[in-house]
Amino acid sequence: MKVCDKISLSILLIIIPFVLIYPQKQQFQFEHITKTNGLSGNSINSIIQDSRDFVWIGTDGGLNCYNGYEVIRFDRPKDPIQLSKRWITCLFEDINGIIWIGTVSKGLYAYDPVLDVFDHFKSEPEDSLNLSSDYILSIYQDKDGIIWIGTDGGGLNRFNVETETFTAFRPVTEQADNKKNIISSMIEDNDGTFWIGTQEGIFHFDRINEKFIPFKKKLDIPEIFQQILCFHQDTDGNIWFGTLKGLFKYIIEERELIHVISGNDKNNDHLRDDVIVSIQGSKISGKKALWIATKNGLINYDLRNDRFSRIVIDPTNPISLSNNFINDLFLNDNGILWIGTAWSGVNKLDTRGNPFNHIQLKSEDNNLFYTAGGFFMDRQGYLWVSACTEGLFKFDQQFNKIAQYNFEKGFTIDADSPITNHVDYIYEDSDSVLWIGLCGWGPVIFDRDKESIIYLDSDLPQEENIRQERINSILEDARGSIWYGADGGIFIKEKDESKHDPIRFIDKALVRQSCFYDIFEDGEGNLYFGIQGQGALCLKPENHKSMEFIHHGKDESEPGIFKTSVWDFYEDIQGNLWAGSSRGLNKYNPDIQKFELIVDTTDLFSRGIIQIMGDQKGNLWLSHMTNGLIRYQPETKKIKIFDISDGLPFDNIITRYWYQSEDGMIFIPGYLGDGNGFFYFHPDSITDNKKIPQIVLTDFKVENKPFPIDSSISAIKNIRLKYNQNFFSFQFAALEYTNPEKNQYAYFLEGLDEEWIYSGNRRFANYTNAPPGKYVFHVKGSNNDGYWNEEGTSTAIIILPPPWKTWWAYTIYGILLFGLIYAWRRYDLKRQRLKQDLEIEHVEAEKLKELDTMKSRFFANISH
């Protein structure tokens, strides 16, 4: 929204009584960024995502920055340029990465995210080179790089970057309070025409001659087409105008202005009286659509089909729009729509849509919701769904419910038998006979024409009749025989047998009293049977008469199915046979004729794989015994887990009885007893998010306390620490907002760590007692689908040595040592000289003594 909040406030009292008048089934999942620092209780007036992928949020309480995890509020009481608690009206990033901030009455701010400094520009009545008004409504940069500022009453301002001065231009100069001087929006179209939206019509601004030219068209401008709040140019070159009285479209080639009201739905005036504050065009390839912010919800306009869809708050749905009063929209290149609401925070919407479609099963009899138990799409295109304890539902191809069958409504019986509505399994054979597994009463046939149930007997004794069995699987093999896997064994009904003939029990030692889950026939006609706690059986085509089975998993040579349950089999497009067991995912190796454990889920998910489906790309879709949906890519061995954050209506899908239609659609029931129906999706509709995220540092602490840095932490390249500041931590973020909770990280402190440390979705790194030295901290990250920014970001860290270990300390040590050596040497030389002098004196004394002796002897001799 590049429009002042004075306009928003002036219409607030008009709009509020009409909120919630357009109830609609929620089709989109909104993430709410509401109760966070800086957003709670404030009106969100403007949102942008900058070139570094930070999200900037302007509110009536100040400026905030969002990195996917937390909102950082620019509340700096000691900053000489005070921005905290300013009523922000508009935000804009220029080509140099400077964030321009317009306020209600405090002028214009420019923020440099790298240096983390603000500049402030205000109006001065005595100085014509300053802003013409402190009330900023819109900011725009044209193709020549010139910054333009639209004000409330001060007209249009052009900013000179070199001199940091402004030049004001007004459509009307003789009336200072004329509404034409209220510049609420601007846009430069593909032809270079500069459009100016005011509170009293549209102008073209001739930047060469510096004059305003009134907008002209073929027809007279309607009176309601006056107060222009926003512009948008679509991919066809048409200009869209948002006004206080609806949406207008201008076809440039035909110079025709159209008041867009209802699209193809002529019975509904969707936009006649709407206040249109922001328009964004779809960034999804192949889609032509507009996202339109109004004061009565969010509008999705399908341009190809000329259809509107209004999205409003649903108080019963926690993932619906949080507020119908919308102030601004921003749509990034990855299809994430940021929605600024009045007093309900920011909403985030992935406009690529949710590939998982949820269908509720609601009984008309008791108005209760049920969980699906099994599926089958018959040859006429009808989808049959068992509702566990409520019989069968029948849907057409548009998932409209056609009928519901149970013993209170529709079902009749051909025998005097107990009644149950609990349907476990559904299957249609090649003769279009619909078989269902009726809980506690075995397989039965549902005659769709007569809407009656035909019970089947078995050749078991009466006390062991199949009617007492729960049917877990039904399969028609290549020969036309119908196989049943039950809690108490395997049963077969040959193709040529009558519907009323008994079902034959396979009376083999391993079969009797065993619980069988899945029956599967591979491309070579081999039948595989999954057993509870005993592995699997294989029946080759040549052994149909003898019923001699091959037992897989009877010893430890097949560890993935040894003494464990095999739940499901699947053969992929390359002919590989897969088996899901309580241990994990297994693959059959025909060379050694054994199943090999490929994915040990006891290490990943703590429990096993109970369902396997595939797609045309070779992916396997798995259900495990915890929560969520798994996609496994055999070639890359890459695993992705889908949960509610990825769009699943529920992740409690600990259930079998998935179903895949011939066109590849996968149907998945909810957990029994939850009453959440089922969902379906086509694997081709799920595409990986391949956007490589920007990796930034978001915080740096020493001893768990904020560390003062001269510039923004995301731009810092060098950090110097004292010797006693060697307990420090980094926090980082991958700026990709599709599902940030699933972004992955790895870090490496060069000079200390020996290899990369992969931390999953944990986005901080702690280091303790790091010795003095030079280090480089590297961090890299991925988006939610595992696409990594291998380059990441890095910053150098220098931990200074203690004072007694610095170069100058060692210099002093050297000088002192040299002085000591010198002094000792001088002392030693002096001592040596003294010693020599003493020795000389001693020698001389000895000589004198000897001379005296000689003299004495001489005189003695003479006297004798």
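Look above for the structure.
These remarks concern the structure in this document.

Parameters and conventions
- Residues numbered from 1 in each chain as written.
- Predicted model: local features only at pLDDT ≥ 70, side-chain atom pairs only at ≥ 80, totals over all residues.
- Heavy atoms only, no water.
- Core = buried A, V, L, I, M, F, W, Y, C linked by side-chain atoms within 4.5 Å.
- Buried < 20%, exposed > 50% of the residue type's maximum accessible area, 1.4 Å probe, protein only.
- Contact = heavy atoms within 4.5 Å.
- Salt bridge = Lys/Arg side-chain N within 4 Å of Asp/Glu carboxyl O.
- Helix = DSSP H or I, 4+ residues; strand = E, 2+ residues; numbered from the N terminus.
- Pairing = 2+ DSSP bridges.
- Phe/Tyr/Trp six-rings, centres within 6.5 Å; stacked < 30°, edge-to-face > 60°.
- Lys NZ or Arg CZ within 6 Å of the ring centre and 35° of its normal.
- Polar contact = N/O pair within 3.5 Å; in protein donor to acceptor, adjacent residues only side chain to side chain.
- Axes fitted to C-alpha atoms, helices over the stretch in contact; angles between N-to-C directions.

So, about the nonpolar core. Most often, soluble globular proteins keep nonpolar side chains buried together rather than apart. Counting residues in each nonpolar core, the largest one holds 61 residues, and the members touching the most others are Leu 361, Val 385, Trp 483, Tyr 484, Phe 529, Phe 667 and Phe 678. Among all residues touching Leu 361, those that are not within four sequence positions of it are Leu 368, Phe 369, Tyr 370, Thr 371, Ala 372, Val 385, Ser 386, Ala 387, Phe 393, Phe 395, Gly 677 and Phe 678.

Here the structure, examined in full by the defined rule, presents 27 salt bridges. Where Lys 122 meets Asp 134, a salt bridge forms, and the shortest distance between an N and an O atom there is 3.4 Å. With Lys 122 in the loop between strand E9 (117–121) and strand E10 (136–141) and Asp 134 in the loop between E9 and E10, the pair connects residues that are twelve residues apart, well separated along the chain. For Lys 122, a relative accessible area of 33% corresponds to the partly exposed category. As a salt-bridge pair, Glu 494 and Arg 504 come within 3.2 Å of each other at their nearest N and O atoms. With Glu 494 in the loop between strand E43 (489–493) and strand E44 (504–505) and Arg 504 in strand E44, this residue pair connects regions lying ten residues apart in the sequence. A single network of salt bridges, built from pairs that share partners, joins Asp 378, Arg 379, Glu 428 and Arg 448.

Moving on: the sheet that holds E44. As summarised here, the arrangement of the four strands in space is E41-E42-E43-E44, forming an open sheet in which the pairing is antiparallel. Edge positions in the open sheet fall to strand E41 (471–476) and E44, since each of these has one partner strand only. Both strand E42 (residues 482–486) and E43 contribute to a ladder of five bridges, which runs antiparallel. Bridge pairing links Ile 482 to Lys 493 in E43.

Burial analysis of strand E20 (residues 246–251) places five of its six residues in the buried class, the great majority of the element. Here strand E19 (residues 239–243) folds back onto E20 in antiparallel fashion, the turn holding two residues. As judged from the five bridges shared by E20 and strand E21 (residues 256–260), these two strands associate in the antiparallel manner. Along E21, the bridge assignment pairs Ile 251 with Glu 256. Where E20 folds back on E21, the antiparallel hairpin that results is connected by four residues, among which Arg 255 adopts a positive phi of roughly 50 degrees.

Time to look at the packing of aromatic side chains. Scanning all chains against the criterion turns up 82 aromatic pairs. Aromatic side chains Phe 375 and Phe 678 sit 5.0 Å apart centroid to centroid with 70 degrees between the ring planes, which places their arrangement in the edge-to-face category. Of this pair, Phe 375 sits in strand E32 (residues 374–377) while Phe 678 sits in strand E59 (residues 678–681), and the two are 303 residues apart along the sequence. The same class applies to Phe 375 as to Phe 678, namely buried. On the numbers, 5.6 Å between centres and 75 degrees between planes, the contact of Tyr 425 with Tyr 657 is edge-to-face. Separated by 232 residues along the polypeptide, Tyr 425 in strand E37 (residues 423–428) and Tyr 657 in the loop between strand E56 (638–642) and strand E57 (659–660) bring together distant segments of the chain. Residues Tyr 425 and Tyr 657 agree in their burial class; the two are buried. Through pairs of rings, three or more aromatic residues link up here, namely Phe 375, Phe 376, Phe 393, Phe 395, Phe 399, Tyr 427, Tyr 659, Phe 667, Phe 678 and Tyr 680. Cation over ring: Arg 762 sits above Phe 764, and NZ or CZ is 5.0 Å from the ring centre. The cationic tip of Lys 780 hangs over the ring face of Trp 756; the distance from NZ or CZ to the ring centre is 4.4 Å.

With phi around 65 degrees, Phe 399 is a residue other than glycine that occupies positive phi space. Along the chain, Phe 399 falls in the loop between strand E34 (392–395) and strand E35 (401–405). Among the residues examined, Phe 399 registers a relative accessible area of 17% and is labelled buried. Positive phi is not limited to glycine here, since Gln 593 has a value of about 55 degrees. For Gln 593, a relative accessible area of 52% translates into the label exposed.

Further remarks concern the side chain of Asn 332. Its place among the elements puts Asn 332 in the loop between strand E26 (326–331) and strand E27 (336–341). According to the relative accessible area criterion, Asn 332 is buried, its value standing at 5%. A polar side-chain atom of Asn 332 sits 3.1 Å from a polar atom in the side chain of Gln 49. Within the structure, the side chain of Asn 332 is placed 3.0 Å from the backbone nitrogen of Gly 335, a separation counted as a polar contact. Not counting residues up to four positions away in its chain, the partners in contact with Asn 332 are Gln 49, Lys 283 and Trp 338.

As summarised here, the arrangement of the four strands in space is E1-E28-E27-E26, forming an open sheet in which the pairing is antiparallel. Each having just a single partner strand, strand E1 (30–33) and E26 make up the two edges of the open sheet. The mean angle between the axes of side-by-side strands here comes to 20 degrees, regardless of whether they run parallel or antiparallel. Where E1 meets strand E28 (residues 346–350), four bridges bridge the pair, whose relative direction is antiparallel. Residue pairing across strands places Ile 33 opposite Val 346, the latter belonging to E28.

This part covers the environment of Asp 600. For Asp 600, the position within the fold is in strand E52 (residues 594–600). Spatially, the C-alpha atom of Asp 600 lies 6.7 Å from that of Leu 585, the residues being 15 residues apart in sequence. Within the structure, the side chain of Asp 600 is placed 3.1 Å from the side chain of Arg 583, a separation counted as a polar contact. At 2.4 Å, the side chain of Asp 600 forms a polar contact with the side chain of Thr 602.

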